[in-house]
Amino acid sequence: MASRQELSDFLAGVERRAFKQAQYAVRDADAALDIVQDAMMKLAEKYSDRPAAELPLLFTRILQNATYDFFRRQKVRSTWVTLFSALSPGHEDDNSDPLETLEAMAGSPAAESAQDQVERSQVVAIIEEEVARLPTRQREAFLMRYWEDMDVAETAAVMGCSEGSVKTHCSRATHALARALKARGIHL
Amino acid sequence: MNEKEFGYQIRQALNEAAAALDYKTTYRLEQARAAALARHREPATSPAWNPALQTVGTRSAASGSRLGWFGGFGLAAPTVALIAGFIGIYQWQQQQLPERMSDLAAMDFAVLMDETPIGAYADKGFGILLRGETEDL
């Protein structure tokens, strides 16, 4: 059974990567923070009786499910929004400001890095963008294998697929990423 | 560059990005962690219910030296109690045996002293007669 200190250390070590992974998936910092918080609370509340060694796999699985839940909720919400906007008399009174979206993007780490004019930061930002653009399953497999340091079997267990599928996803992600970075003038 | 080396390069870049998170985000992550830890149930140091047999094979190295004899006692005590229970039950049965035998003898004697010949009970017709009388009742 993981003690409070063990859980605290684990969460402190994993929270930034978890946030980034959620952000790559949902492309929204606030939503990503909510997802990470949900995952942390679920882990502490429901799996506190598990040994500390099991926490990484459990947390990755919970984070993944929390991200999928976010997309499900978003889908339901967008369905209702589309329905009501279609029923509304007109769209002339739309007060939404496109600059709000641009401001939100300007506050993102990628944009900040671009503004810093530091070459490395720009490269990092571009890499993050391209990672976020990968298809969901490819990105999950790639990040679990090469960022979370999970082996193929663990990744397959978390993703609920075969080890062969994990290898395929990783290989495709690597090639897609390398191609995309090369197209943007980045050679690793 | 193979897949592993490429993954390592990407990992370096992503680690840099994660390390460069702004204060607002790290503060919110810290708060999220605190909220999660508030929901954590601390493992009990002395569990209220601890089955004695569970100590077998799960004794930790730390508790093994100091509480080793206690763990052994935890295993031995129920075993001794079980054996004592079996002996008690056996003794009680032995005490009850003469009394029960005398009861059985008395019953046999009563059947033998009855007017109905004992052979009648083995007779099929007598059984049918008895069933008929029971149904009439």
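Residues numbered from 1 in each chain as written. Chains lettered and ligands numbered in written order. Predicted model: local features only at pLDDT ≥ 70, side-chain atom pairs only at ≥ 80, totals over all residues.

Draft legend 1. Layout of the overall build of chain B. The secondary structure content of chain B amounts to five helices and zero strands. Counting across all 137 residues of chain B, residues that qualify as buried make up 8%. (Helix = DSSP H or I, 4+ residues; strand = E, 2+ residues; numbered from the N terminus. Buried ≥ 20, exposed ≤ 12 C-beta atoms within 10 Å, placed from the backbone.)

Draft legend 2. Geometry of the overall build of chain A. When helices and strands are tallied, chain A shows nine helices and zero strands. Sorting the 188 residues of chain A into buried and exposed places 35% on the buried side. Restricting the contact set of chain A to residue pairs at least 6 apart, pairs at least 24 apart contribute 59%. (Contact = placed C-beta atoms within 7 Å.)

Draft legend 3. Main features of the confidence of the model for chain A. Per-chain confidence: chain A averages 82 in pLDDT, with 81% of residues scoring 70 or above. A low-confidence stretch, residues 99-104 of chain A stays under pLDDT 50, and its non-local contacts, those more than four residues away or across chains, total zero contacts. (pLDDT = per-residue confidence, 0-100.)

Draft legend 4. Structural detail: unusual backbone geometry. Residue and element names in this part refer to chain A. Phi angles above zero are rare outside glycine, and Arg-27 is one such case at about 60 degrees. Position of Arg-27 among the secondary structure elements: in the loop between helix H1 (4-26) and helix H2 (29-46). Although it is not a glycine, Asp-149 sits at a positive phi angle of roughly 60 degrees. Relative to the elements of secondary structure, Asp-149 occurs in the loop between helix H7 (136-146) and helix H8 (152-159).

Draft legend 5. Structural view of H1 of chain A. At Val-14 of chain A, H1 of chain A shows its largest kink, close to 45 degrees. Two residues or fewer past H1 of chain A, Arg-27 of chain A is found with a positive phi of approximately 60 degrees. (Bend = angle between axes of the 7 residues up to and from the residue.)

Draft legend 6. Expanded view of the packing of H7 of chain A against helix H9 (residues 163-183) of chain A. Residue and element names in this part refer to chain A. Running from amino to carboxyl end, H7 crosses H9 at an angle of 95 degrees, the nearest separation of the two axes being 8 Å. Overall, the two elements H7 and H9 adopt an arrangement that is roughly perpendicular. Between H7 and H9, the contacting residues are Arg-137, Gln-138, Arg-139, Ala-141, Phe-142 and Arg-145 on the first element and Val-166, His-169, Cys-170, Arg-172, Ala-173, Thr-174 and Ala-176 on the second. Of the residues assigned to the contact of H7 with H9, the class counts are six nonpolar, three polar and four charged. (Axes fitted to C-alpha atoms, helices over the stretch in contact; angles between N-to-C directions. Parallel < 35°, antiparallel > 145°, perpendicular 65-115°, else oblique. Nonpolar A, V, L, I, M, F, W, Y, C, P; charged D, E, K, R; others polar.)

Draft legend 7. A look at the interface of chain A and chain B. In this complex, chain A contributes 36 residues to the contact, which on the side of chain B involves 27 residues. Residue assignment for the side of chain A that touches chain B shows that the elements contributing at least two residues are H1, H2, helix H6 (119-133), H7 and H9 of chain A. Considering every element that reaches the side of chain A that touches chain B, the biggest residue donor is H1 of chain A, with 10 residues.

Draft legend 8. Structural context of helix H1 (residues 3-19) of chain B. All names here are of chain B. For H1, with 17 residues, the first-to-last C-alpha span of 24 Å sits near the 24 Å given by 1.5 Å per residue. Within H1, the full set of buried residues consists of Gly-7, Ile-10, Ala-13, Leu-14 and Ala-17. Within H1, the buried residues cover an arc of 125 degrees as seen down the axis, which keeps them to one side. For H1, the exposed residues lying more than 90 degrees away from the buried face are Lys-4, Glu-5 and Ala-19. (Expected span 1.5 Å × (residues − 1). Arc of directions from axis to C-beta.)

Draft legend 9. Structural detail: the nonpolar core. With 49 residues, the main nonpolar core has Ala-22, Val-36, Ala-39, Met-40 and Leu-63 of chain A as its most contacted residues. Per-element accounting of this core gives the leading share, 10 residues, to H2 of chain A. (Core = buried A, V, L, I, M, F, W, Y, C linked by C-beta atoms within 7 Å.)

Draft legend 10. Highlighting the confidence of the model for chain B. Residue and element names in this part refer to chain B. For chain B, per-residue confidence averages 75 on the pLDDT scale, and 64% of positions sit at 70 or higher. The least confident element of chain B is helix H3 (residues 61-66), whose mean pLDDT is 47; the most confident is helix H2 (residues 23-38), at 91. Predicted confidence for residues 56-65 stays below pLDDT 50, and this span has three contacts to residues more than four positions away or in other chains. Among the prediction metrics, the complex's ipTM stands at 0.72, with pTM recorded as 0.58.

Draft legend 11. The arrangement of the packing of H1 of chain A against H1 of chain B in detail. Two elements in contact, H1 of chain A and H1 of chain B, have axes separated by 9 Å at closest approach and are oriented at 105 degrees. In terms of axis orientation, H1 of chain A runs roughly perpendicular to H1 of chain B. Between H1 of chain A, through Arg-16, Arg-17 and Lys-20 of chain A, and H1 of chain B, the contact on the second element is made entirely by Leu-14, Ala-17 and Ala-18 of chain B. Per-class residue counts for the contact of H1 of chain A with H1 of chain B are three nonpolar, no polar and three charged.

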